[in-house]
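Analysis of the macromolecular model
Residues per chain are reported as follows:
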Amino acid sequence: MIERWSNMQNQAMVMTDVRKFELCNVSMPEVGTDELGIAVKSVGICGSDMHFYEGKAFSIFPNSLPFVLGHEAAGVVYQVGENVKDFQVGDRVAIEPGVPCGKCAFCESGRYNLCPDVVFLATPPVEGALKRYIKYPAFKTYRLPDNLSMTEGALLEPLSVGIHAAQRSGVTIGKTVAILGGGCIGLCTLLAAKAWGASRIIVCDLFDSHLNKALALGATDTVNSGTQNTVEQIMKLTGGAGVDIVFETAGSPVTAAQTSHIVGRGGTIVMVGNIMPDVPFSFRNLYKKEAEVRAVFRYCNTYPIALQAVASGRIDVKRIVSASYPFEQAQQAFDHAVDDKVNCVKAVITME
Ligand SMILES: [Zn+2]
Ligand SMILES: [Zn+2]
């Protein structure tokens, strides 16, 4: 049995400097008893990967190079750990990139995204999935049905953020929604809000290219925040009522400050984006409307839902992909994602 993978050569796309990758030979993973060996086939480039690639994460993670990025991944099982009963060699799988401790109060309550000991892929010192072969705990690995592509498997990760945001928001049939930011996470939130039955979805972004994509994916209205006053425009579109639910996905202090003006009476603001600076925010608006604010940190219990939603055709997540590159061209893929944010909503890297 061992010989089958003993002569396999692993390679990693190693980030050696800001905006610099080197394809390096690395050792094959030593697959543990509760783990799977996975030949990686598709990796999505996430905003956090881009942040790291541009050197913007070094203040939080100093001295972290060389490093391997990538946490949105799917592949094919090539080795099964001794204790793993429910996977076989050849299974096509997606991995959930956070591995919680499973024992703390948060894990036991089901909100394992809040586990203080979670081990998250591509978060130093834990290397990411931009490798030919990785090992991964079987309990955070999901078998893909035949009608899901490897890239759709990788996209279950950003879709999970959208689904978690939708679930946290309480969106349901008939609700009016505004999504601030039409990038990958904004569009995944749009797909989820639509699947949950929102009747009206207004997407706001600086780029018409993102807004057109949002319309194609089911937005009912768009606002170009570069040329229009976002708050005025949303109030106009809703007859002065504001929206039931506001999702902030742009991660910007500007959009964060707009949320309390846009939310309607009794409405909900959901903070999805990661906003670093403090933001001037009108709590008076919340008070007057008895509105509430909820935050979203990654996701929990969403992979089975995301998988079913895509497999059943309810959510067509592959349509967010705007570019695909082979593994060897990971550097071009990242440069494109970082330098052409107008046209690049989601770039993915695929392995033969
Ligand atoms: Zn991601
Ligand atoms: Zn825990």
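In case you missed it, the structure is sitting above this.
Residues numbered from 1 in each chain as written. Chains lettered and ligands numbered in written order. Predicted model: local features only at pLDDT ≥ 70, side-chain atom pairs only at ≥ 80, totals over all residues. Heavy atoms only, no water.

1. Description of the coordination of the zinc ion (ligand 2)
This is how the line gets drawn: For Na, K and Ca the donor cut-off is 3.2 Å, and for all other metals it is 2.8 Å, counting N, O and S atoms only; because water is absent from this set, sites may look incomplete. When four donors show all angles between 85 and 135 degrees the site is tetrahedral, when four or six donors have opposite pairs over 155 degrees and all other angles between 65 and 115 it is square planar or octahedral respectively, and in every other case it is irregular. Segments assigned H or I by DSSP are reported as helices when at least four residues long, segments assigned E as strands when at least two residues long, and all are numbered from the N terminus. When accessible area is computed with a 1.4 Å probe and restricted to protein chains, residues below 20% of their type maximum are described as buried, those above 50% as exposed, and intermediate ones as partly exposed.
Coordination of the zinc ion (ligand 2) by the protein involves Cys101 (SG), Cys104 (SG), Cys107 (SG) and Cys115 (SG), with metal-donor separations of 2.3 to 2.4 Å. Around the zinc ion (ligand 2), the four donor atoms sit at angles spanning 105 to 114°, and that spread fits a shape best called tetrahedral. The motif formed by the donor residues of the zinc ion (ligand 2), counted along the single chain, is C-x2-C-x2-C-x7-C. You can see cysteine 101 sitting in the loop between strand E7 (98-99) and helix H3 (105-109) and its partner cysteine 115 sitting in the loop between H3 and strand E8 (119-120), a full 14 residues away along the chain. Here cysteine 115 falls in the buried class, since its relative accessible area comes to 4%.

2. Comments concerning the nonpolar core
How we decide: Buried residues of nine kinds, namely Ala, Val, Leu, Ile, Met, Phe, Trp, Tyr and Cys, make up a nonpolar core once their side-chain atoms join them within 4.5 Å. Residue ranges labeled as domains rest on an automatic or database domain assignment. Only heavy atoms matter for contacts: two residues are in contact if any of them lie within 4.5 Å across the pair.
In this structure, Leu190 and Ile320 are the most contacted members of the largest nonpolar core, which totals 48 residues. Listed by contribution, the elements that provide at least two residues to this core are helix H4 (150-169), strand E11 (176-180), helix H5 (184-195), strand E12 (200-205), helix H6 (208-216), strand E14 (243-248) and helix H10 (303-311). Structurally, this core is a two-domain feature, drawing no fewer than three residues from each of domain 1 (3-143 + 322-350) and domain 2 (161-295). Here isoleucine 320 is in contact with Leu155, Cys184, Leu187, Cys188, Leu191, Lys213, Leu217, Val345 and Lys346, once residues within four sequence places are set aside. One finds Phe21, Ile45, Val93 and Ala129 within the second-largest nonpolar core, a separate group that totals 42 residues.

3. Structural notes on the sheet that holds strand E4 (residues 67-68)
Rules: One requirement defines pairing of two strands: DSSP has to find at least two bridges between them.
Here three strands make up an open sheet; going across it, the order is E2-E1-E4 and the pairing antiparallel. Looking along the sheet, the strands with just one partner apiece sit at the ends: strand E2 (20-26) and E4. Both strand E1 (residues 10-17) and E4 contribute to a ladder of two bridges, which runs antiparallel. For methionine 15, the partnering residue across the bridge sits in E4 and is phenylalanine 67.

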